[in-house]
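# Coordinate analysis (summary)
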Amino acid sequence: MNHLLKPGPLLDDKGYVSEAGYHFNLVKEYNRKAIKTSLLTIKEWDYYYIGDEKCGLALTIADNGYMGLCGFSIMDFVNKKFINRSKMFWFPLGRTNMPTTSVTGDAYKKGSNYEFHFKNDNGNRHLIAKMDVDGKHFEANIKLNLTTPHSMVIVTPFYQKRRFYYNQKINLLLGDGIVKFGNFKYEFKHKFGVLDWGRGVWAYKNTWYWASASGEYQTHLIGFNLGYGFGNTSNASENMLFYDQEVYKLDDVKFNIPLNEKGKEEYLKPWTFTSSSGDINLVFEPVLNRQDHIELLILGSHSNQVFGKYSGVFKLKDKTIHFENIYGFAEKVKNRW
């Protein structure tokens, strides 16, 4: 399950992934021109999240072939409220010019009543977003800096021909900034965030599970990325732990979401996270479920992104890492896209 990627092109001359596996850096070269499927099927996005125990902010720029969007989500954990807003644009087909790497290049999109600019300065990020919606003005200005040289990188092929996902998650981004929407205003001071950098050609139907957290416990930096649910992951999982300046590869994980007597998920009750080897044993205490359900003809998205705090243990070969009350999120998303 743990194949370390080698540097080189992501795709071969027939449009198939050159190899599947994982790495701690973005070693594969992504090139849109090497993709041998319809432009309608290519999906590219940059998603940022920063948060603490009181507030969370998510910003997205995406070019998904037949549609694109700029969107924001504000989570008010004190009052247990959230707001999702986005501006969609149709058939961008790559004209959003998303960067081919997370190492350099800016993501930018401007339209009627909105402008999003994700600036990249040697890996440190400056996120500037503005949008007029619902008769209110939204504005965010966030700076995020790298604290670790490592990240989670995975190449996952789907079982359908020439379909794949190339993904990087950068945990433990540390930043400051401000978000405003109407009368709401919140300032982040030395808070942690994550970048979800995704490029690929996805299958039409898929379900994914993703958990992420970044924080500090007893002077140590702790971040992790856990997930599964789509594609052929026989060569690598996306499970990694970041501890100070070190990174540790983890194997499998299971999200144990509570169920009621009818077998339906109860997202706001405590979850557990476990692994077959026993190296992962976490408890997640939810605070807020950011639900989003969209049905649009043949397209659909049903997501439950749950925010809260993690406590638990990672058992590694050379040490056991215990921590309490690291804030993050866990989600289950079903898509038809």
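The following paragraphs examine the structure supplied in this document.

Analysis parameters
Residues numbered from 1 in each chain as written. Predicted model: local features only at pLDDT ≥ 70, side-chain atom pairs only at ≥ 80, totals over all residues. Heavy atoms only, no water. Helix = DSSP H or I, 4+ residues; strand = E, 2+ residues; numbered from the N terminus. Rg over C-alpha atoms; globule rule 2.2 N^0.38 Å. Buried < 20%, exposed > 50% of the residue type's maximum accessible area, 1.4 Å probe, protein only. Contact = heavy atoms within 4.5 Å. Areas by Shrake-Rupley, 256 points an atom, 1.4 Å probe, with all protein chains shown as cover. Salt bridge = Lys/Arg side-chain N within 4 Å of Asp/Glu carboxyl O. Phe/Tyr/Trp six-rings, centres within 6.5 Å; stacked < 30°, edge-to-face > 60°. Lys NZ or Arg CZ within 6 Å of the ring centre and 35° of its normal. Polar contact = N/O pair within 3.5 Å; in protein donor to acceptor, adjacent residues only side chain to side chain. Pairing = 2+ DSSP bridges.

## Some points on the overall build of the chain
When helices and strands are counted, the chain shows zero helices and 23 strands. Rg of the C-alpha trace for the chain: 19 Å, near the compact-globule value of 20 Å for 337 residues, within the 12% margin. Projected onto its principal axes, the C-alpha coordinates of the chain cover approximately 50 × 50 × 45 Å. Residue burial in the chain is summarised as follows: out of 337 residues, 54% are buried. Here the analysis covers contacts within the chain between residues at least 6 apart in sequence; of these, 55% occur between residues at least 24 apart. When the accessible surface of the chain is split by element, carbon and sulfur atoms take 51% of a total near 15,300 Å².

## Section: unusual backbone geometry
Positioned with a positive phi, Asp-134 is a non-glycine residue whose angle comes to about 60°. Inspection of the secondary structure assignment puts Asp-134 in the loop between strand E10 (124–133) and strand E11 (136–145). For Asp-134, a relative accessible area of 48% corresponds to the partly exposed category. The backbone of Gln-218 shows a phi angle near 50°, a positive value even though the residue is not glycine. Its location among the elements puts Gln-218 in the loop between strand E15 (205–217) and strand E16 (220–228). Residue class for Gln-218 comes out exposed when judged on its relative accessible area of 59%.

## Topic: the pattern of salt bridges
Once the charged atoms of two side chains with opposite charge are near each other, the side chains can pair. One pass over the structure, following the stated rule, counts nine salt bridges. Lys-269 is the partner of Glu-266 in a salt bridge, and the nearest nitrogen-oxygen pair spans 3.2 Å. Note on Glu-266: relative accessible area 25%, which makes it partly exposed.

## Re the packing of aromatic side chains
Summed over all chains, the structure comprises 35 aromatic pairs. Here the aromatic rings of Tyr-209 and Tyr-228 are separated by 4.8 Å at their centres, their planes lie at 10°, and the arrangement is stacked. Of this pair, Tyr-209 sits in strand E15 while Tyr-228 sits in strand E16, and the two are 19 residues apart along the sequence. Residue class for Tyr-209 comes out buried when judged on its relative accessible area of 18%. Residue classification places Tyr-228 among the partly exposed positions, given a relative accessible area of 26%. Seen from their ring centres, Phe-314 and Phe-323 are 6.0 Å apart, and the 15° between their planes marks the pair as stacked. The pair formed by Phe-314 and Phe-323 is uniform in burial state, with each residue classed as buried. The ring centre of Phe-89 lies 4.3 Å from the NZ or CZ of Lys-109, which sits over that ring. When the ring centre of Tyr-22 is taken as origin, the NZ or CZ atom of Lys-249, which lies over that ring, is 5.2 Å away.

## Notes on the side chain of Glu-238
Tracing the chain through its elements places Glu-238 in the loop between E16 and strand E17 (240–243). With a relative accessible area of 6%, Glu-238 lands in the buried category. Side-chain polar atoms of Glu-238 contact the side chain of Lys-169, separated by 3.4 Å. Ignoring any residue separated from it by four or fewer positions in sequence, one finds Glu-238 in contact with Met-152, Ile-154, Lys-169, Trp-210, Asn-225, Leu-226, Gly-227, Tyr-228 and Phe-230.

## Brief notes about the pairing of strand E6 (residues 67–76)
With nine of 10 residues buried, E6 lies mostly within the body of the structure. As defined by bridge partners, strand E5 (residues 55–63) adjoins E6 across nine bridges and the pair is classed as antiparallel. Note that in E6 the partner of Ala-62 across the bridge is Leu-69. In this structure, the hairpin formed by E5 and E6 is closed by a connection of three residues, where Gly-65 is found at a positive phi of approximately 80°. Note that E6 and strand E7 (residues 81–90) share 10 bridges and pair antiparallel. Looking at the pairing, Ile-74 lines up with Ile-83 of E7. In this antiparallel pair of consecutive strands, E6 and E7, the connection spans four residues, and Lys-80 shows a positive phi of 55°.

## Some thoughts on the environment of Asn-225
Within the fold, Asn-225 resides in strand E16. According to the relative accessible area criterion, Asn-225 is buried, its value standing at 0%. Here the alpha-carbon distance between Asn-225 and Asp-279, two residues 54 residues apart in the chain, equals 14 Å. Dropping the residues within four chain positions of it, Asn-225 is found in contact with Met-152, Lys-169, Asn-171, Trp-210, Ala-211, Glu-238, Asn-239 and Met-240. Only 2.7 Å separates the side chain of Asn-225 from the side chain of Trp-210, close enough to count as a polar contact.

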